[in-house]
Amino acid sequence: MFVLTNAWTTVWRHKWRSLAIMVVAALVMFGGVFATAVHTAQHRAHTTAYRTHQVTAVIRPTVKERIRQSNADSSVTKQYLSLDDYTSYLMGLQQAGIQPQYSMSVSMPMRQTGAAKAIAGKADRDAQSTGGEYTLYGLYDSHSEDVNIPGKFRVTQGKGLDYKSKKGKSALVSEAFARKNNLKPGSKFSVANPNDAAKTYAFTVRGVYAYTDPAPKGMGGDARLAKNNRANAIYVGPYAFADNKLNDDSAIGWAVARFDVGFRFNSPDEYQMFTQLISSRKLAKGYRMSTPDLDRYVASLKPLDRFDARMRRMSIGLYAMCGALALALVALSLCGRRDEIAMDMVIGVVRGRIGWQFALETLMPSLPGLLVGGVASAFASKPLGAALVGGNAARVGSACFKPMWYCLGFVALLATMAFMRAIVARIDPVFDVRQGGLGGSDTDASESKTDADRDAGTDTTDGTETSEEAEA
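For clarity, every value in this text was computed on a predicted model and none was experimentally measured. (Residues numbered from 1 in each chain as written. Predicted model: local features only at pLDDT ≥ 70, side-chain atom pairs only at ≥ 80, totals over all residues. Heavy atoms only, no water.)

A.B. asks: Is there a simple way to explain the packing of helix H12 (residues 302-334) against helix H15 (residues 401-423) in this structure?
C.D. replies: Helix-helix packing is characterised by the crossing angle of the two axes and by the distance between the axes. In contact at an axis separation of 10 Å, H12 and H15 are set at 20° when each is read in the N-to-C sense. By the angle between their axes, H12 is roughly parallel relative to H15. For the crossing formed where H12 meets H15, the hand is right-handed. Residues Tyr319, Gly323, Ala326, Leu327, Val330 and Leu334 of H12 lie in contact with H15, whose contacting residues are Pro403, Phe410, Leu414, Met417, Ala418 and Arg421. Of the residues belonging to the contact of H12 with H15, the class tally is 10 nonpolar, one polar and one charged. (Axes fitted to C-alpha atoms, helices over the stretch in contact; angles between N-to-C directions. Helix = DSSP H or I, 4+ residues; strand = E, 2+ residues; numbered from the N terminus. Parallel < 35°, antiparallel > 145°, perpendicular 65-115°, else oblique. Left-handed = near helix turned anticlockwise from the far one by under 90°. Contact = heavy atoms within 4.5 Å. Nonpolar A, V, L, I, M, F, W, Y, C, P; charged D, E, K, R; others polar.)

This is the structure we're talking about:
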């Protein structure tokens, strides 16, 4: 009880120094745990999460080929991949023991008609040559939105597509197109057949969308033809082409439907098997295979990678700075306490108990600081990580116990140093000074004796002089 009371009294007497130790301990614990949580999230995202990430593989024209196919020559429709081509790839996967799901979209250009006008391109030509100013996309299901050719989008007004309805009269239009033509959910507009302007198709705006992906080259503001600008894309459900009799196998020119099939795999490993299959069969000239959703996932990890690298550098600096501050504060608390140690020993306190008192003075502010920092990091790491690294949550896991143990070990080292301060303290000179002050030293005795002799000689002289005076 003596040790605990003295330690608490010292801690309370030096409030600001104790508070500084507590803050340093909380800061190093929070920073160390959070940095480890971020690194764990980054490692998991590139390993476990990556290996279990679902992949959709698509076979599409290269940028050069796509631009060539988007010109004003309808003969390029002969180079479209047919459903038979995709079926052959699917059968090859099934023979390899892989049963992928698939998403699909079908598209063709459409002419503008009536009051609704498309957003112009940089080098537009007449609809007779290009097939029209719009591109009509029929999406098979919600997964088709994730691998959509112009890019992934979200609905900002109205409702999304109804993939279960067999009526093909509802459509989604872009914000730019709706703004230009004063359209909103419930508005009606019409488009015309790419080969015959007399054939029109009426649609009702079900919703207005905005893209969340960057525009592919030649499909944004740099589009030469209006139909290539993705702001002129009109999205309809899976039954719209059949309902409007646009899936005619005997169609020619721009009325030929263009299919885009995405094969969905359960992991990147299955996707690698698909790439091997495609390599063995060779792709059509001008086509390449890609994974839009996997590419999007890898791109989404770049902020996490940069933040993790930054946090690792900052954590090293944090450990060094907080360690130096804690060491300096503890050293400051132990300076000038030799007299205190001597006085405690005079009244019978052994060195061990004094050492425990000094150790407790270190532990009392630092351990609560570590506790506060650990609890704060446990609750704040996930939302803080999500806010700082693009939605990638940094959860506190088992790996975060390592910096906790590091912090506890350093505090234990500081407490040991404080304990050893009392054990190795040199207090003999203190006792010598105290003895000299109480009983007098040899030097003091000599000086006193000399003074006494001097005083005696003076008395003798005085006595002699008195005798002589008396004789006279």
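A.B. asks: How do you make sense of the packing of aromatic side chains when you look at a structure like this?
C.D. replies: Each pair of aromatic rings is reported with the distance of its centres and the angle of its planes. Taken as a whole, this structure holds 16 aromatic pairs when the rule is applied. An aromatic cluster is built from Tyr137, Phe153, Tyr209, Tyr211 and Tyr235, whose rings are joined through pairwise contacts. One Lys or Arg, Lys227, reaches over the ring of Trp254 and ends 3.4 Å from the middle of that ring. Arg230 extends its terminal NZ or CZ atom over the ring of Tyr211, reaching a point 4.1 Å from the ring centre. (Phe/Tyr/Trp six-rings, centres within 6.5 Å; stacked < 30°, edge-to-face > 60°. Lys NZ or Arg CZ within 6 Å of the ring centre and 35° of its normal.)

A.B. asks: When you look at the pattern of salt bridges in this model, what are you seeing that I'm missing?
C.D. replies: A pair can form between side chains of opposite charge whenever their charged atoms are brought close. Per the stated rule, a full pass over the model turns up six salt bridges. As a salt-bridge pair, Arg60 and Asp260 come within 2.7 Å of each other at their nearest N and O atoms. You can see Arg60 sitting in strand S1 (residues 55-61) and its partner Asp260 sitting in strand S9 (residues 258-265), a full 200 residues away along the chain. With respect to burial, Arg60 and Asp260 carry one shared label: buried. Note that Arg312 is salt-bridged to Asp308, the shortest N-O span being 3.2 Å. Note that Arg312 and Asp308 are positioned in helix H12 at a spacing of four residues, about one turn of the helix. Among the residues examined, Arg312 registers a relative accessible area of 43% and is labelled partly exposed. Of the residues examined, Asp308 reaches a relative accessible area of 1% and is grouped as buried. (Salt bridge = Lys/Arg side-chain N within 4 Å of Asp/Glu carboxyl O. Buried < 20%, exposed > 50% of the residue type's maximum accessible area, 1.4 Å probe, protein only.)

A.B. asks: Just to check I follow, could you spell out the nonpolar core for this structure?
C.D. replies: Note on soluble globular proteins: their nonpolar side chains tend to be buried together. Grouped together as the largest cluster of nonpolar side chains are 28 residues, with contacts concentrated most on Ile59, Leu93, Phe263, Phe265 and Phe274. Elements with a contribution of two residues or more to this core: helix H2 (15-46), S1, helix H5 (83-95), S9, helix H10 (268-281), strand S10 (287-290), helix H11 (292-300) and H12. Excluding anything up to four places from it in sequence, Ile59 contacts Leu81, Tyr86, Tyr89, Asp260, Val261, Phe274, Ile278, Leu283, Tyr287, Arg288 and Met289. (Core = buried A, V, L, I, M, F, W, Y, C linked by side-chain atoms within 4.5 Å.)

A.B. asks: Hey, could you run me through a nonpolar patch on the surface in this one?
C.D. replies: Among the surface-exposed residues, Leu327, Phe410, Leu413 and Met417 lie close enough to one another that they form a single nonpolar patch of about 330 Å² accessible area. With three residues, H15 is the single largest residue contributor to the nonpolar patch. When you line up the elements, Leu413 lands in helix H15. Residue class for Leu413 comes out partly exposed when judged on its relative accessible area of 46%. (Patch = residues over 30% accessible without salt bridge, like charges linked within 9 Å, V, L, I, M, F, W, Y side chains within 5 Å. Areas by Shrake-Rupley, 256 points an atom, 1.4 Å probe, with all protein chains shown as cover.)

A.B. asks: Can you walk me through the confidence of the model for the protein chain in this structure?
C.D. replies: Segments scoring low in pLDDT should not have their predicted coordinates read at a detailed level. In this model, the protein chain carries an average pLDDT of 82, and 87% of its residues clear a pLDDT of 70 or more. Per-element mean pLDDT across the protein chain ranges from 43 in helix H17 (residues 442-471) up to 96 in strand S8 (residues 233-236). Residue range residues 436-452 is modelled with pLDDT below 50. Its contacts to residues more than four positions away, or to other chains, number three contacts. Every residue in residues 454-472 is under pLDDT 50, and counting partners more than four places away or in other chains gives zero contacts. (pLDDT = per-residue confidence, 0-100.)

A.B. asks: When you look at the environment of Ala328 in this model, what are you seeing that I'm missing?
C.D. replies: Its location among the elements puts Ala328 in helix H12. A relative accessible area of 46% means that Ala328 is categorised as partly exposed. Linking Ala328 and Ile21, residues 307 residues apart in sequence, is a C-alpha distance of 9.8 Å.

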